[in-house]
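Close look at the chain arrangement
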Amino acid sequence: MKVRFIALGFLMCVVTFNDGDYVISALGAVTGLFFAFLFIMLVKQQLTSKPYLILTKEELITSAASKNPIPIAWQDIRGYNLIKVNGSKILEIMLEDEEKYRLQMTKTTRWLNKLNDAMNFAPFAIALGQVKRKDRDKLLGELDKRTFGEDLTMEEA
């Protein structure tokens, strides 16, 4: 899909440049470059083998593949909610001190995280689509064990 936007942006750039409309031509070039950048980032992300989440005895590490991973201590997790948004399952993590962990985020991530507040989502959420299917039960089981002291299956959660 992004490839279409890249092609459309550059096509708009060439056609409007030939017509002498340089402002729209520049807009087309910027659009094409923007979507090309997104496409490259997506391909790069798919080619790296680093996990999105890491579970250790002491903490749950989110954004593990990024330059700024966020380690969340198990004792700081109050609980979680499993919700469905537009067909996607989202795992909201409820923390004792959310501000402590927000300060660990980059400025850009903090700014994007404000969208969660606007949509009434928990600040720390994991799209289950980012977790391998075979590991989803392990993640939920570990959250149950660490936060509630229980060992539930995904069907019960």
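All values derive from a computational prediction rather than experimental measurement.

**Observations regarding the overall build of the chain**
Secondary structure summary: the chain contains five helices and six strands in total. The order of helices and strands in the chain, counted from the N terminus, is α-α-β-β-β-β-β-α-α-β-α. Over its C-alpha trace the chain gives a radius of gyration of 20 Å, far above what one expects of a compact globule, namely 15 Å for 157 residues. C-alpha atoms of the chain, sized along the principal axes, occupy 70 × 30 × 30 Å. Split into buried and exposed, the 157 residues of the chain put 30% on the buried side. Restricting to contacts in the chain with at least 6 residues of sequence separation, those with at least 24 account for 44%. Within the structure as shown, the chain displays about 10800 Å² of accessible surface, and the carbon and sulfur contribution to it stands at 59%. Here the chain holds 21 positive side-chain charges and 19 negative ones, and the gap between their average locations is 7 Å.

**A look at the sheet that holds strand β4 (residues 77-85)**
Taken in spatial order, the three strands of this open sheet run β4-β5-β6, and their pairing is antiparallel. A single partner strand is all that each edge strand has here, and the edge strands are β4 and β6 (124-127). Across the sheet, the mean angle from the axis of one strand to that of its neighbour is 25°, orientation sign disregarded. Two strands pair when backbone bridges link them, and β4 and strand β5 (residues 88-95) are joined in this way by eight bridges, in the antiparallel orientation. Opposite N81, over in β5, you have E92 as the bridge partner.

**Brief notes about the side chain of R136**
Looking at the secondary structure, you find R136 in helix α5 (residues 133-148). Despite its burial, R136 pairs with no opposite charge, the nearest such side chain being D137 at 8.2 Å. Beyond its immediate chain neighbours, meaning those up to four positions away, R136 contacts L128, G129 and V131.

**Re the sheet that holds strand β1 (residues 53-55)**
Ordered by their spatial adjacency, three strands build an open sheet running β1-β2-β3, and the pairing between neighbours is antiparallel. Pairing within the sheet leaves two strands with one partner each, and these edge strands are β1 and β3 (70-73). Averaged over all pairs of adjacent strands, the angle between their axes in this sheet comes to 20°, without regard to strand direction. Of the strand pairs in this sheet, β1 and strand β2 (residues 59-62) are connected by three bridges, and their pairing is antiparallel. Among the inter-strand pairings, I54 is bridged to a residue of β2, identified as I61.

**What about α5?**
Here α5 is 16 residues long and its end C-alpha atoms lie 23 Å apart, about the 22 Å a rise of 1.5 Å per residue gives. Inspection of α5 places R136, L139, L140, G141, E142, L143, D144 and T147 among the buried residues, and these make up the whole buried set. In the core, the buried residues of α5 are packed alongside β1, β2, β4 and β5. Backbone geometry just downstream of α5 places G149 in the positive-phi region, at approximately 70°.

**Some details on the pattern of salt bridges**
All chains considered together, the criterion is met by three salt bridges. A salt bridge links D76 to K100, with the nearest nitrogen and oxygen atoms 3.0 Å apart. Linking D76 in the loop between β3 and β4 with K100 in helix α3 (residues 98-102), this pair joins segments that are 24 residues apart in sequence. Under the relative-accessibility criterion, D76 is labelled buried at 14%.

**Examining the nonpolar core**
I77, L91, F124 and L139 are the most contacted members of the largest nonpolar core, which totals 20 residues. Looking at this core, the elements that each hand over two or more residues are β3, β4, β5, β6 and α5.

**Thoughts on the environment of T106**
With respect to the helices, strands and loops of the structure, T106 is situated in the loop between α3 and α4 (107-118). Linking T106 and R78, residues 28 residues apart in sequence, is a C-alpha distance of 24 Å.

**Let's talk about the packing of aromatic side chains**
Enumeration over the complete set of coordinates arrives at three aromatic pairs. Between F34 and F35, the aromatic rings sit 5.2 Å apart at their centres with planes inclined by 75°, giving edge-to-face as the arrangement. A relative accessible area of 45% means that F34 is categorised as partly exposed.

Rules behind the numbers
Residues numbered from 1 in each chain as written. Predicted model: local features only at pLDDT ≥ 70, side-chain atom pairs only at ≥ 80, totals over all residues. Heavy atoms only, no water. Helix = DSSP H or I, 4+ residues; strand = E, 2+ residues; numbered from the N terminus. Rg over C-alpha atoms; globule rule 2.2 N^0.38 Å. Buried < 20%, exposed > 50% of the residue type's maximum accessible area, 1.4 Å probe, protein only. Contact = heavy atoms within 4.5 Å. Areas by Shrake-Rupley, 256 points an atom, 1.4 Å probe, with all protein chains shown as cover. Lys, Arg positive; Asp, Glu negative; His and termini not counted. Charge placed at Lys NZ, Arg CZ, Asp CG, Glu CD. Pairing = 2+ DSSP bridges. Axes fitted to C-alpha atoms, helices over the stretch in contact; angles between N-to-C directions. Salt bridge = Lys/Arg side-chain N within 4 Å of Asp/Glu carboxyl O. Expected span 1.5 Å × (residues − 1). Core = buried A, V, L, I, M, F, W, Y, C linked by side-chain atoms within 4.5 Å. Phe/Tyr/Trp six-rings, centres within 6.5 Å; stacked < 30°, edge-to-face > 60°.

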